[in-house]
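Structural overview
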Amino acid sequence: MAITNVYGLSRDIPEPIKREIRQRSGFGCVVCGCSIVDYEHVSPDFPRARAHDPSKMALLCPMCHAKVTRNLLSKSRVRTAMENPRCKQQGFSFAELDPANTHPYVVFGGMTLKNCDIPVQVRGFPLFQIEPPEADGGPYRLSASFFDQQGVPSLLIRRNEWRASSAQWDVEVVGGRITIRSAPRAISLRIAFVPAEGVVIERVDMHVAGYHFLGNKDELNVSMPGGGKGVFTHCMADNCHVGLSLGGIVGVRLTY
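Just so it is clear, the model here is predicted, and its values are computed rather than measured.

1. Here's the deal with the overall build of the protein chain
When its secondary structure is counted, the protein chain shows four helices and 20 strands. Scaling as 2.2 N^0.38, a compact globule of 256 residues should have a C-alpha radius of gyration of about 18 Å, and the protein chain matches this with 20 Å. By its C-alpha atoms, the protein chain is 60 × 45 × 30 Å across when sized along the principal axes. Classification of the 256 residues of the protein chain by burial places 45% in the buried group. Taking all contacts inside the protein chain whose residues are at least 6 apart in sequence as the whole, residues at least 24 apart take part in 55%. As displayed, the protein chain offers around 12,800 Å² of accessible surface, 50% of which is attributable to carbon and sulfur atoms. Side-chain charges in the protein chain split into 29 positive and 24 negative, and the spacing between the mean points of these groups amounts to 7 Å.

And the structure:
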């Protein structure tokens, strides 16, 4: 496959242009809303394009992309979807995880949590929850909630389906990792999915119920409401109902 077209335009799209396409599309396929996407020249197509123009490009999932290539989905339908992307209509892009048939683990900064029904909870609200299979031999069901630096929901996982908020500044999915930015150079979450095994929170900067979580691959810092701080490095919780519990259970219900 040629790396440039007849006008010398490279297939490599500069990162700022990719980000603008993501923002315009709501961080998912403009037709169906799926988060697993390709960058598509819509009008004109790549062989006839003279530039990577974000206003004439869109995100398409591999399925919708294949439908366009095979003339099962018209470019006019895609152009209509670009004017009102599905993700912006529903408020999120989505995709399914590869579920685990054994109890999935969670690595949260400097904490590794294994075989925990509720790996982390705040004031009685589970930030992570793992439910057993609905039937013998079925997958475990992972749920999780993440927020940005202002306490606004950024990424929700509900029983092995994740939803990334289209209200964030940027959501990028590359190589099994999701990176969410609330502003330029302000990463609120970077999470890596290990297929059929677990999840690794590689970077987090979020506020929830008065707590501030700030962490990287090796360390998790938790600032408490009213002062105080906890630092977690090389910590392990295994075979616990609740791995890490912060704050008393006071009936706080976080809605989003």
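2. Quick look at the pattern of salt bridges
It is possible for side chains of opposite charge to pair when their charged atoms get near one another. As enumerated under the stated definition, the model contains eleven salt bridges in all. Its salt-bridge partner being R24, residue E20 comes within 3.2 Å of it at the nearest N-O pair. Of the two residues, E20 and R24 are both situated in helix α1 (residues 15-25); the distance of four residues between them amounts to about one turn of the helix. On the accessibility criterion, R24 (41% relative accessible area) is partly exposed.

3. Considering the environment of R159
Secondary-structure assignment places R159 in the loop between β10 (153-158) and β11 (161-165). Those residues in contact with R159 that sit more than four places away from it in its chain are E131, R141, L142 and S143.

4. Thoughts on the sheet that holds strand β7 (residues 125-126)
In a beta sheet, neighbouring strands are held together by backbone hydrogen bonds and run either parallel or antiparallel to one another. Taken in spatial order, the three strands of this open sheet run β7-β6-β20, and their pairing is mixed. Each of the sheet's edge strands pairs with one partner strand only, and the pair in question is β7 and β20 (242-246).

5. Examining the pairing of strand β4 (residues 105-108)
For β4 and strand β15 (residues 198-208), the ladder comprises four bridges, and the chain directions are parallel. When the sheet's bridge partners are listed, V107 is paired in β15 with V200. Bridge analysis of β4 against strand β5 (residues 111-114) gives three bridges, and the strand direction is antiparallel. Within β5, the position partnered with F108 by the bridge is M111. Between β4 and β5, which follow one another and run antiparallel, lie two residues, and G109 among them has a positive phi close to 65°.

Procedures and definitions
- Residues numbered from 1 in each chain as written.
- Predicted model: local features only at pLDDT ≥ 70, side-chain atom pairs only at ≥ 80, totals over all residues.
- Heavy atoms only, no water.
- Helix = DSSP H or I, 4+ residues; strand = E, 2+ residues; numbered from the N terminus.
- Rg over C-alpha atoms; globule rule 2.2 N^0.38 Å.
- Buried < 20%, exposed > 50% of the residue type's maximum accessible area, 1.4 Å probe, protein only.
- Contact = heavy atoms within 4.5 Å.
- Areas by Shrake-Rupley, 256 points an atom, 1.4 Å probe, with all protein chains shown as cover.
- Lys, Arg positive; Asp, Glu negative; His and termini not counted.
- Charge placed at Lys NZ, Arg CZ, Asp CG, Glu CD.
- Salt bridge = Lys/Arg side-chain N within 4 Å of Asp/Glu carboxyl O.
- Pairing = 2+ DSSP bridges.

Keep in mind these numbers describe shape, not what the thing actually does.
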